[in-house]
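# Results of the structural survey
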Amino acid sequence: MAANSSSTGGKSSNSAGGKQSGPTAEQVVATFQRMRQEQRSMASKAAELEMDINEHSLVIDTLKDVDASRKCFRLVGGVLVERTVKEVLPALENNKEQISKIVESLNTQMQAKGRELTEYRERYNIRLVGEGEKETQGQQAASSRDSEGGGSKSAAGVLVS
C-alpha cells in the first residue's frame, strides 16, 4: 500500500512539474541579462573595429603622399618588419576592407540580437528599472480616478535592473 501511495505522489509531482513548463522568473532574468551582455559585447567589438578602421585610414592617407620606394615598418604578429610603402599600402587597404566587412556583419548581428531581445521582453513582459516610471505613475493616477477601489488590471511581469 505504501508503494502505491508513493507512486501516486510521484505522479502528482510530475503533473505539477508538467504544468510549470515555462521558465521561472530567475531563469527569464538570467537569459535576458545574458542576451543583453551578448549585445553589449558585440557593440564593444564593433566600436573597437571602427577605431581600427579609422587608424588604417589615417595611415593609408599618410602613406599615399609618400614615395612608393620609401621604407616603412609594419608590425606583423608582434614582429616589426621592414618593408616598402609599395608593399605595405595594398595590404593595409585590404585589411581595412576586411575589417569593414566584419563591422557590417557585427552590426547586422546586433540588430538581430536587438529584435530578439525586444521579442523576449514582450513575451515575458520584462520591464527595466526606471523605464516607463512616468507612464506607470500616469496609469495609476488615471485608474484611481476612474475606479475608486476597483482592482486595476496588472500584468504579471519581470522587473530587471
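Only a predicted model underlies this, so the values are computations on that prediction, with no experimental measurement involved. (Residues numbered from 1 in each chain as written. Predicted model: local features only at pLDDT ≥ 70, side-chain atom pairs only at ≥ 80, totals over all residues. Heavy atoms only, no water.)

## Description of the pattern of salt bridges
Note the threshold: One side-chain nitrogen of Lys or Arg within 4 Å of one carboxyl oxygen of Asp or Glu is enough to make a salt bridge. Runs of H or I in DSSP of at least four residues are treated as helices and runs of E of at least two as strands, each being numbered from the N terminus. Note on classification: 1.4 Å probe, protein chains only; a residue is buried when its accessible area is under 20% of the maximum for its type, exposed when over 50%, partly exposed between these limits.
Tallied over the entire structure, the rule returns five salt bridges. For the salt bridge of K113 with E38, the shortest nitrogen-to-oxygen distance reads 2.5 Å. With K113 in helix α3 (residues 85-124) and E38 in helix α2 (residues 25-64), this residue pair connects regions lying 75 residues apart in the sequence. A residue is classified by how much of its surface remains accessible, and K113, at 11% relative accessible area, is buried. The exposure class assigned to E38 is partly exposed, which follows from its relative accessible area of 27%. The partner of K113 in a salt bridge is E116, with the nearest N and O atoms 3.7 Å apart.

## Here we look at the nonpolar core
Note the threshold: Note on terminology: a nonpolar core comprises buried Ala, Val, Leu, Ile, Met, Phe, Trp, Tyr and Cys residues joined through side-chain atoms within 4.5 Å. Contacts: residue pairs with any heavy atoms within 4.5 Å of one another.
V28, F32, M35, L117, Y120, I126, L128, V158 and V160 form the largest nonpolar core, which has nine residues in total. For this core, the secondary-structure elements that each account for two or more residues are α2, α3, β3 (126-128) and β4 (158-160). Of all the elements, α2 adds the most residues to this core, at three residues. The residues touching Y120, leaving out its near neighbours within four places in the chain, are Q27, V28, T31, F32, M35 and I126. In terms of nonpolar packing, the next biggest core, distinct from the first, is built from eight residues, M42, I99, L106 and M110 among them.

## Description of the environment of R83
Within the fold, R83 resides in strand β2 (residues 79-84). Note on R83: relative accessible area 40%, which makes it partly exposed. Ignoring anything within four residues of it in the chain, the contact list for R83 reads R70, K71, C72 and V88.

## Remarks on the packing of aromatic side chains
The cut-off we apply is this: In this analysis, rings of Phe, Tyr and Trp, with Trp reduced to its six-membered ring, are considered paired at centre separations within 6.5 Å, and the interplanar angle assigns stacked below 30 degrees, edge-to-face beyond 60, and tilted for intermediate values.
Scanning the model with the defined rule gives one aromatic pair in all. Ring geometry for Y120 versus Y124: centroids 4.9 Å apart, planes at 55 degrees, classification tilted. Taken together, the residues span about one helical turn, with Y120 and Y124 both in helix α3 at a distance of four residues. With relative accessibility at 8%, the residue Y120 sits in the buried group. The class for Y124 is partly exposed, based on a relative accessible area of 24%.

## Re the side chain of H56
Here H56 lies in helix α2. A relative accessible area of 17% means that H56 is categorised as buried. Once residues within four sequence positions are removed from consideration, H56 is found in contact with L92, N95, K96 and I99.

## Here we look at the UniProt feature "coiled-coil region" (unreviewed entry) in the protein
Heads up, the rule is: UniProt positions are given in the numbering used here, feature names are shortened, and annotations may be inferred rather than shown by experiment.
With numbering matched to this structure, UniProt assigns "coiled-coil region" (unreviewed entry) to residues 89-123. What you have in residues 89-123 is 100% helix and 0% strand, and the ends, taken at the C-alpha atoms, are 51 Å apart.

## Focus on the pairing of strand β1 (residues 71-76)
The cut-off we apply is this: The pairing criterion for strands is at least two bridges between them, as found by DSSP.
Bridge analysis of β1 against β2 gives six bridges, and the strand direction is antiparallel. Bridge pairing in β2 links L75 to L80. With antiparallel pairing between neighbouring strands as the criterion, β1 and β2 make up a hairpin whose turn holds two residues, including G77 at a positive phi of roughly 60 degrees.

## Some words on α3
So the rule is basically this: The length a helix should cover is 1.5 Å for every residue beyond the first.
Across its 40 residues, α3 extends 57 Å between first and last C-alpha, which sits within 8% of the 58 Å expected from 1.5 Å per residue. Listing the buried residues of α3 in full gives V85, V88, L89, L92, I99, V103, L106, M110, K113, G114, L117 and Y120. Contacts from the buried residues of α3 go to α2, β1, β2 and β3. One or two residues past the end of α3 sits N125, with phi positive at roughly 50 degrees.

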